[in-house]
Amino acid sequence: MNKPLLATLATLVITGAGMAPAVAATQTGGAASASATKTVGAAPALKAVDFAGTVALSNCSGSLVRLPASADSDPALVLTNGHCLETGFPEPGEVIVGQSSSRSFGLLNSAGSRVTTLRAAKVAYSTMTDTDITIYQLTRTYAQIRSSYGISALTLNDSHPVAGTSIKVVSGYWKRIYSCSIDGFVYRLKEGDWTWKDSVRYTSACDTIGGTSGSPVVDTATGKVVAVNNTGNEDGERCTVNNPCEVDESGNVTVRQGINYAEETYQIPACFTTGNRLDLNASGCVLPKP
C-alpha cells in the first residue's frame, strides 16, 4: 500500500526521492489542447489537470469530490483510501459507516498551495473489502467552499473506466502529478489479508510512492475521477503487504514488480442519494455492506 512509513520518509529526506516539482498543466499540453480548434477526426481536447480540489492528509492524499447528482448545498465529501483511515486499517470484511471524525484536510489550489483546512463531520463510508476507499463527509457545503476559496470539487465518473485511457494521479501529499495510461484491469488484486476486485493497473510511468495513497486518478479527456490510487508491488514479493499480486479468474497469480494500481470509483455514486446521504440499499449500489 502506498501509505508513508517513517522509513519511507527518512529515505525521501536523505535522497530527495519523490520531491520533484509538480508537473505543470502547460507541460502536459492541457491548456494548449483545450484552446485548440476542434477538427473532424481530431483527438478530444485534454483537460488541464492540476491540484485544485485535491487535499493533503496527515498520512495520505485525497480529493474533494462530488457525485454527478450532488447539489451545491450538499455537505462536501472527501475521498481517500480505506487504509488511510485515521483509526487504522479496516479488517477484511469490515465496513465502517457513520463513524465520528473531526479529521482535517489541507485543501490545495491549482498551484498546489494550501488555501485552507477543511474538517470532517464523520466517516460516511470506509472499507478495504472489494475496494479500498474512505469517504468523509465535511462540515461545509460545496457552495461554501467555492464561495470562500474559488475551488470546486472533482466529479466522480459513474461509468467503468476504459483501458488505454490517459490519466493523471494527483498527489496532494507530495504535490506531485504522475502521468500515464490505464494498462488494464485486474480480476482480483491480493495484498496480505485484503482482496480487491476489478482493480486498475497503470502503465509503468505512474511510479507512485508512499504518501500518494488516496490520490484521485483523473481521466485527462473529461477531468473526472475514475479511480483512487492505492498500492504497488515494491519488492517483487508474492501477495504480501506492499507487494500485491494479480489473480485471474482461473486462480493464476502474476507478480509485476514496480507496477502500481488503483481502485475504481464508478460504483460510488449509486450508493448516495439526495443530500449526499449514503444509502447502501439504493438500487444499483454494490459497495460492501456492514
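This report concerns the structure included in the present document. Bear in mind that the values here come from a model prediction, so they are computed numbers and not experimental data.

1. Some remarks on the overall build of the protein chain
On a plain count of helices and strands, the protein chain comes out with 3 helices and 18 strands. When each of the 290 residues of the protein chain is scored for burial, the buried share is 50%. Across the protein chain, every contact between residues at least 6 apart in sequence was considered, and the portion connecting residues at least 24 apart equals 66%. Carbon together with sulfur atoms contributes 50% to the accessible area of the protein chain, which is approximately 12,000 Å² in total.

2. Details of the pattern of salt bridges
Inspection of every chain in the model, using the stated rule, returns 7 salt bridges. R103 serves as the salt-bridge partner of E86, at 3.7 Å between the closest nitrogen and oxygen. Remark: R103 occurs in the loop between β4 (95–100) and β5 (104–108) and E86 occurs in the loop between β3 (75–80) and β4; sequence separation between them is 17 residues. Here the salt bridges share partners, and the residues they tie into one network are D183, R201, E246 and R256.

3. A few points about the side chain of N229
Tracing the sequence through the fold places N229 in strand β13 (residues 225–232). At 3.0 Å, the side chain of N229 forms a polar contact with the backbone oxygen of T212. Excluding residues within four positions of it along the chain, N229 makes contact with N2, N81, V169, Y202, T208, T212, S213, G214, S215, V217, Y261 and A262.

4. Here we look at the nonpolar core
Note that soluble globular proteins tend to have their nonpolar side chains buried in a common cluster. In terms of nonpolar packing, the biggest core is built from 40 residues, with L64 and F105 touching the most fellow members. Residue assignment for this core shows that the elements contributing at least two residues are β2 (61–66), β3, β4, β5, β6 (114–127), β7 (133–141), α3 (142–149) and β13. With residues near it in sequence (within four places) discarded, F105 still touches V55, A56, L57, V78, R114, T116, T117, L118, R119, A120, Y136 and L138. Listed in part, the 12 residues of the second largest apolar core include I167, Y178, V200 and C206.

5. Observations regarding the layout of surface pockets
Counted as a void, the second largest pocket has a volume near 170 Å³. D130, T131, R188, K197, D198, E264, Y266, Q267, V286, L287 and P288 together form the lining of the second largest pocket. Its residues assigned to classes, the lining of the second largest pocket shows 4 nonpolar, 2 polar and 5 charged.

6. A few points about unusual backbone geometry
The backbone phi angle of D198 is positive, close to 50 degrees, even though this residue is not glycine. Judged by its relative accessible area of 24%, D198 falls in the partly exposed class. The phi torsion at N276 lies on the positive side, around 55 degrees, for a residue other than glycine. As for its placement among the helices and strands, N276 is situated in the loop between β17 (272–273) and β18 (277–278).

7. Considering the state of the cysteines
Within the structure shown, the criterion is met by 4 disulfides. Bridging C180 to C206, the disulfide has an S-S length of 2.1 Å. Taking the torsion about the S-S bond as the criterion, the C180 to C206 disulfide, at about -100 degrees, is left-handed. One end of the pair, C180, is in strand β10 (residues 176–191); the other, C206, is in the loop between β11 (194–202) and β12 (216–219), and 26 residues separate them in sequence. The same class applies to C180 as to C206, namely buried.

8. Regarding the side chain of T141
If you trace the backbone, T141 turns up in strand β7. A relative accessible area of 19% means that T141 is categorised as buried. Excluding residues within four positions of it along the chain, T141 makes contact with D72, S73, D74, P75 and A76.

9. Let's talk about the pairing of strand β16 (residues 260–264)
For β16, the tally of buried residues reaches 5 of 5 residues, placing the bulk of the element in the interior. Bridge count for β13 against β16 is 5 bridges, and the pairing is antiparallel. Each bridged residue has a counterpart across the sheet, and for T231 the counterpart in β16 is Y261.

10. Here's the deal with the environment of V49
For V49, the position within the fold is in the loop between α2 (30–35) and β1 (54–56). Taking C-alpha positions, V49 is 9.8 Å from T222, a pair spaced 173 residues apart along the chain.

11. Let's talk about the environment of A48
Within the element layout of this structure, A48 appears in the loop between α2 and β1. For the pair A48 and A221, spaced 173 residues apart in the sequence, the C-alpha separation amounts to 9.1 Å.

Definitions and cut-offs
Residues numbered from 1 in each chain as written. Predicted model: local features only at pLDDT ≥ 70, side-chain atom pairs only at ≥ 80, totals over all residues. Heavy atoms only, no water. Helix = DSSP H or I, 4+ residues; strand = E, 2+ residues; numbered from the N terminus. Buried < 20%, exposed > 50% of the residue type's maximum accessible area, 1.4 Å probe, protein only. Contact = heavy atoms within 4.5 Å. Areas by Shrake-Rupley, 256 points an atom, 1.4 Å probe, with all protein chains shown as cover. Salt bridge = Lys/Arg side-chain N within 4 Å of Asp/Glu carboxyl O. Polar contact = N/O pair within 3.5 Å; in protein donor to acceptor, adjacent residues only side chain to side chain. Core = buried A, V, L, I, M, F, W, Y, C linked by side-chain atoms within 4.5 Å. 1 Å grid on protein atoms, 1.4 Å probe; cavity = no way out; pocket = protein on both sides within 12 Å on 5 of 7 lines; lining within 4 Å. Points joined across faces, edges and corners; volume = space filled by probe spheres on them. Nonpolar A, V, L, I, M, F, W, Y, C, P; charged D, E, K, R; others polar. Disulfide = S-S within 2.5 Å. Pairing = 2+ DSSP bridges.

Functional significance is not addressed by these values, which are geometric in nature.
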